[in-house]
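A structural walkthrough
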Amino acid sequence: MTNWYTQACKQTTNIKHQLNIMNPTNPTIVLSSRNSQARFRLFRFAASRAGKLAACLLLGASTSLFGQPVPVLHLSFDNVVSVTNVINDGSGSGMDGALYGAGATIVPGGKFGNCLQVTGVGSADASCRIASAVVPLNVTDGSAWTVAMWIKSSTQGGTWAYQGDGGWAANNTTFAMVVNSGSTGVNGPAAGGVRYGQGWQQGTAVVDNGQWHHIVFTFDGTNKLQYVDAVLDPWVANGWAVGSGDSGVGSQFWIGGGGPGGEGDGQVCLNGLVDEA
């Protein structure tokens, strides 16, 4: 990992731990000024077909003081204006979040400082909504992205992220606790996701125990991998086929909730906390 970082980015800063929470063999980068697992990161990477990192990040994102890439989206929930406007500390333009629903509030007691609290019944009842897809969550050759955040919940089926147009339609994506081939009233304790018309991704690590968990879902152009608390979480359901037809669809990205209609696939309100999103 040290050689890869030195050669690819020409830096000497030690990011060993950040690389460990992703994919050590095909590393992507999660950066943190607070902790090696601290921040939610939604990245897009351009990589060569040979698997070597050619460029980092999306939309010409700037670099930090140490020359490390700045995420497109980063909501710490510590930078809030007028109670409901959550400022994006990442590089993406027009990606501030807006609290939606009476059950969406900013509260103390996050993993780091304040956090987002969501309460309700349906997955769409409360969330922090960004009026942008941020990056296309395409599972296609040449695409690469990473979604990661801290969550804390005791609710099976709880939903923590969504990309779509405000409903539940073809190729919309939800990240949640799931059961493969879920149906109404059937949900699970393991991290993963579901894509409308593409099936389920389901790991094995239990995350509905009311403790903070750092969940990373990353795609490098070939492999879909999930890490829970820095440990690779093997798939028991691996349904999103990598191919030209598996593109993420939607012009919005929600944190802490999902599109209405997803309850039929086992999605419910998180009824918990999200931090560093």
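This one's a predicted model, so the numbers in the text were calculated from it and none came from an experiment. (Residues numbered from 1 in each chain as written. Predicted model: local features only at pLDDT ≥ 70, side-chain atom pairs only at ≥ 80, totals over all residues. Heavy atoms only, no water.)

1. A short note on the overall build of the chain
Helix and strand counts for the chain stand at two helices and 19 strands. Considering the chain as a whole, with its 277 residues, one finds that 54% of them fall into the buried category. Accessible surface, the chain: about 10600 Å² in total, of which carbon and sulfur atoms supply 51%. (Helix = DSSP H or I, 4+ residues; strand = E, 2+ residues; numbered from the N terminus. Buried < 20%, exposed > 50% of the residue type's maximum accessible area, 1.4 Å probe, protein only. Areas by Shrake-Rupley, 256 points an atom, 1.4 Å probe, with all protein chains shown as cover.)

2. Thoughts on the environment of alanine 148
With respect to the helices and strands, alanine 148 occurs in strand E9 (residues 145–153). With 78 residues separating them along the chain, alanine 148 and glutamine 226 place their C-alpha atoms 9.4 Å apart.

3. A look at the nonpolar core
Counting 37 residues, the largest nonpolar core has Leu75, Leu116, Trp145, Trp160, Phe175 and Ile255 as its most contacted members. Where this core is concerned, the elements lending two or more residues are strand E7 (115–118), strand E8 (127–130), E9, strand E10 (159–164), strand E11 (173–178), strand E14 (212–219) and strand E18 (252–255). The element that contributes the greatest number of residues to this core is E9, accounting for four residues. Within the second largest apolar cluster, nine residues are counted, among which are Ala124, Tyr162, Trp168 and Trp254. (Core = buried A, V, L, I, M, F, W, Y, C linked by side-chain atoms within 4.5 Å.)

4. As for unusual backbone geometry
We note that valine 83 has phi near 70°; this positive angle belongs to a residue other than glycine. Mapped onto the elements, valine 83 comes out in the loop between strand E3 (80–81) and strand E4 (85–86). In this structure valine 83 comes out as exposed when scored by relative accessible area, which is 66%.

5. Here's the deal with the confidence of the model for the chain
Mean pLDDT over the chain: 76, with 71% of residues reaching 70 or higher. Confidence over residues 1–65 falls short of pLDDT 50; this stretch has 159 contacts with residues more than four positions distant or in other chains. (pLDDT = per-residue confidence, 0-100. Contact = heavy atoms within 4.5 Å.)

6. So, the packing of aromatic side chains
For any two aromatic rings, the description comes down to two numbers: the centre-to-centre distance and the angle of the planes. Inspection of every chain in the model, using the stated rule, returns 10 aromatic pairs. Look at tryptophan 145 and phenylalanine 175: their rings are 6.4 Å apart centre to centre, the planes differ by 75°, and that puts the pair in the edge-to-face class. With tryptophan 145 in strand E9 and phenylalanine 175 in strand E11, the pair connects residues that are 30 residues apart, well separated along the chain. Here the two residues tryptophan 145 and phenylalanine 175 agree in accessibility, since each one is buried. Considering the side-chain rings of phenylalanine 175 and tryptophan 240, the 6.3 Å spacing of their centres and the 65° angle between planes classify their relative orientation as edge-to-face. With a gap of 65 residues between them, phenylalanine 175 in strand E11 and tryptophan 240 in the loop between strand E17 (237–238) and E18 connect regions that are remote in the sequence. (Phe/Tyr/Trp six-rings, centres within 6.5 Å; stacked < 30°, edge-to-face > 60°.)

7. Considerations on the sheet that holds E17
With respect to topology, 10 strands assemble into an open sheet ordered E3-E4-E5-E8-E18-E10-E11-E12-E13-E17, the strand pairing being antiparallel. Only two strands of the sheet have a single partner each, and these edge strands are E3 and E17. Bridge count between strand E5 (residues 97–100) and E8: four bridges; the pairing is antiparallel. By the bridge assignment for E8, glycine 97 is matched with isoleucine 130. (Pairing = 2+ DSSP bridges.)

8. Observations regarding the pairing of E10
For E10, the buried fraction is high: six of the six residues fall into the buried class. Here E10 pairs with E18 via four bridges, running antiparallel. Paired with glutamine 163 across the two strands is phenylalanine 253, which belongs to E18.

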